[in-house]
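Examination of the molecular architecture
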Amino acid sequence: MNWRDLWKKVWIFLETRRRSYKILAYFSGSVNFFTNITNLLILACGGLLIAKDKLSLSDFVAFLLYVNLFMKPLLRLTVFTEMYQRGMAGFQRFYEIMEMKPEIINQKDTVVCKKIRGEIEFDNLVFGYSDQKKVIKGFNLKIAPGQTVAFVGETGAGKTTIASLLLRFYDPLSGRILVDGIDIRQYKQQELRRNIGIVQQDVFLFSDSVTHNIAYAKPEAEQSEVENAARLAAADKFIEELPNKYATEIGERGVKLSGGQKQRLAIARVFLKNPPIVILDEATSSLDNYTEKLIQESLDKLAENRTTLIIAHRMSTIKNADKIIVLNNGEVAEIGTHSTLMSGGGLYYNLYNAQKQTDDK
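Residues numbered from 1 in each chain as written. Predicted model: local features only at pLDDT ≥ 70, side-chain atom pairs only at ≥ 80, totals over all residues. Heavy atoms only, no water.

Now for the overall build of the protein. Counting secondary structure elements, the protein contains eleven helices and ten strands. A globule of 361 residues ought to have a C-alpha radius of gyration of about 21 Å, yet the protein, at 31 Å, is considerably larger. Counting over 361 residues, the protein shows a buried share of 38%. Looking at the protein alone, contacts between residues at least 24 apart form 70% of all its contacts between residues at least 6 apart. With an accessible surface of roughly 22,200 Å², the protein has 56% of that area assigned to carbon and sulfur atoms. Side chains of the protein give 47 positive and 41 negative charges; the mean places of these two sets differ by 6 Å. (Helix = DSSP H or I, 4+ residues; strand = E, 2+ residues; numbered from the N terminus. Rg over C-alpha atoms; globule rule 2.2 N^0.38 Å. Buried < 20%, exposed > 50% of the residue type's maximum accessible area, 1.4 Å probe, protein only. Contact = heavy atoms within 4.5 Å. Areas by Shrake-Rupley, 256 points an atom, 1.4 Å probe, with all protein chains shown as cover. Lys, Arg positive; Asp, Glu negative; His and termini not counted. Charge placed at Lys NZ, Arg CZ, Asp CG, Glu CD.)

Moving on, we come to the nonpolar core. In terms of nonpolar packing, the biggest core is built from 43 residues, with I214, I239, L265, L302, I324 and Y348 touching the most fellow members. Ranked by residues supplied to this core, first place goes to helix α8 (residues 259-273) with seven residues. Those residues in contact with I214 that sit more than four places away from it in its chain are V226, A230, I239, L265, A268, R269 and L272. (Core = buried A, V, L, I, M, F, W, Y, C linked by side-chain atoms within 4.5 Å.)

Attention now moves to unusual backbone geometry. At D53, a residue that is not glycine, the phi angle is positive and equals roughly 60 degrees. Relative to the elements of secondary structure, D53 occurs in the loop between α1 (3-51) and α2 (57-99). One non-glycine residue, K245, lies in the positive phi region at around 55 degrees. Inspection of the secondary structure assignment puts K245 in the loop between α7 (236-240) and α8. On the accessibility criterion, K245 (41% relative accessible area) is partly exposed.

Below, the discussion takes up the packing of helix α6 (residues 223-232) against α8. Put simply, α6 and α8 touch, their axes get as near as 8 Å, and they point 125 degrees apart. By the angle between their directions, the pair α6 and α8 is classed as oblique. Handedness of the α6/α8 crossing: right-handed. Two secondary-structure elements touch here, α6 through E225, V226, A229, A230 and L232 and α8 through A268, F271 and L272. In terms of residue class, the contact of α6 with α8 is built from seven nonpolar, no polar and one charged. (Axes fitted to C-alpha atoms, helices over the stretch in contact; angles between N-to-C directions. Parallel < 35°, antiparallel > 145°, perpendicular 65-115°, else oblique. Left-handed = near helix turned anticlockwise from the far one by under 90°. Nonpolar A, V, L, I, M, F, W, Y, C, P; charged D, E, K, R; others polar.)

Turning our attention to the sheet that holds strand β4 (residues 174-179). Pairing in this open sheet of four strands is antiparallel, and the strands run β2-β1-β4-β5 from one edge to the other. The open sheet is flanked by β2 (136-143) and β5 (182-183), the only strands paired with a single partner. Examined bridge by bridge, strand β1 (residues 120-127) and β2 share five bridges and lie antiparallel to one another. Residue E121 lies in a different strand from β2, and its bridge partner there is K142. Its contacts with the sheet put helix α3 (residues 159-166) on β1, β2 and β4, and the angle it makes with β1 is roughly 115 degrees. (Pairing = 2+ DSSP bridges.)

A surface patch of nonpolar side chains, about 870 Å² in accessible area, is lined by L77, F80, Y84, M88, F91, F94, Y95 and M98. Mapped onto the fold, L77 is located in helix α2. (Patch = residues over 30% accessible without salt bridge, like charges linked within 9 Å, V, L, I, M, F, W, Y side chains within 5 Å. Salt bridge = Lys/Arg side-chain N within 4 Å of Asp/Glu carboxyl O.)

It is worth spelling out α8 at this point. With 15 residues, α8 extends 22 Å from end C-alpha to end C-alpha; this agrees with the ideal 21 Å at 1.5 Å per step. Counting buried positions along α8 yields eleven of 15 residues, so the element is predominantly enclosed. Restricting attention to buried positions, one finds in α8 the residues G260, Q263, R264, L265, A266, I267, A268, R269, V270, F271 and L272. Downstream of α8 by one or two residues, N274 has phi in the positive range, about 55 degrees. (Expected span 1.5 Å × (residues − 1).)

So, on to the pairing of β1. Where β1 lies against β4, five bridges are found, and the strand directions are antiparallel. Paired with E121 across the bridge in β4 is L178.

This next bit is on the pattern of salt bridges. All chains considered together, the criterion is met by seven salt bridges. D123 is the partner of R176 in a salt bridge, and the nearest nitrogen-oxygen pair spans 3.2 Å. Residue R176 is located in strand β4, and its partner D123 is located in strand β1; the two are separated by 53 residues in the primary sequence. With a relative accessible area of 37%, R176 lands in the partly exposed category. Its relative accessible area of 24% is what places D123 among the partly exposed residues. In this structure, R185 engages D183 in a salt bridge whose closest nitrogen and oxygen atoms are separated by 3.1 Å. We classify D183 as buried; its relative accessible area is 11%.

Okay, the sheet that holds strand β8 (residues 307-311) next. Read from one edge to the other, the open sheet built from six strands follows the order β6-β7-β8-β3-β9-β10, with strand pairing classed as mixed. On the outer flanks of this sheet lie β6 (196-200) and β10 (331-336), each paired with one strand and no other. Pairwise comparison of adjacent strand axes, ignoring direction, gives a mean angle of 20 degrees for this sheet. Relative to β10, strand β9 (residues 323-328) runs antiparallel, the two sharing five bridges. When the sheet's bridge partners are listed, I325 is paired in β10 with I335. Set on the sheet, α8 makes contact with β6 and β7 (277-281); between it and β6 the angle comes to about 175 degrees.

Shown next, in the form of structure tokens:
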């Protein structure tokens, strides 16, 4: 969508909101006017009848109270009418969304997802969010079980897109992704994602206890399993210092915790889930150097004996990777270990040195 179409949509929304507020103003104003003018007429007519000695003061007061008693349900009815219209509009939108068919669905002949070893193969993968612009172009890569593979490149090179495709948030335009030699489209989505753990830069935490936030990865887990996962993620120390330890409420999105503490809870989730494939999507990019070093030790422990995909901007976090894939415009520009790529003096060498100069400053 270009800026002209976007501006047109914004203008339509603005005009719609303006009309709705105008109607609401007329409606509320009319109701208030009717109520006040009725009271005014009653006061005028009642005062005139009392002055002519045709109506007693007690009868007038009683009549005025009865009228006000009648007005309250009427006002509530008008407010209910407004709420009903808003509610029905929201319900219709909700119903439209619920009736939408997802683009990605399970195939009828799905394969039973047994214990996955963690072998991943990208076979001539092509993907784009639109047909005009391709994000991934002819991507080929084979990852052996237990290997640690890092993806680096400039912003927009397609690193996170590869992870999204592996999790099957999108389907490729052409090509295949194989896990243990089977196209991921033949797995049930739930079973595929159950075998993949992910630690992202932006950790989502619930307004609940520490225990429930870690156990989100495995709801049926025992308390001892949760505590063991926290210990493996080096999160047990700060949890023990919390007011109620594992029962401490951490607030909406973990507002009561620091960035490093949130990341450790996310890592503890993956330890508890214990998947054969782990994706680390810029898990330490927003942390300071000291916290990053502490978190990196937990991530290294997490990567042991698992197929690990690391998406990183900081080159210092991927030096020990078995294989480094350098992406450029959705294609593999270079591939190798840290030492071989540095000796090659190519794109990785330039990215590494540019970041090193920035960190030195």
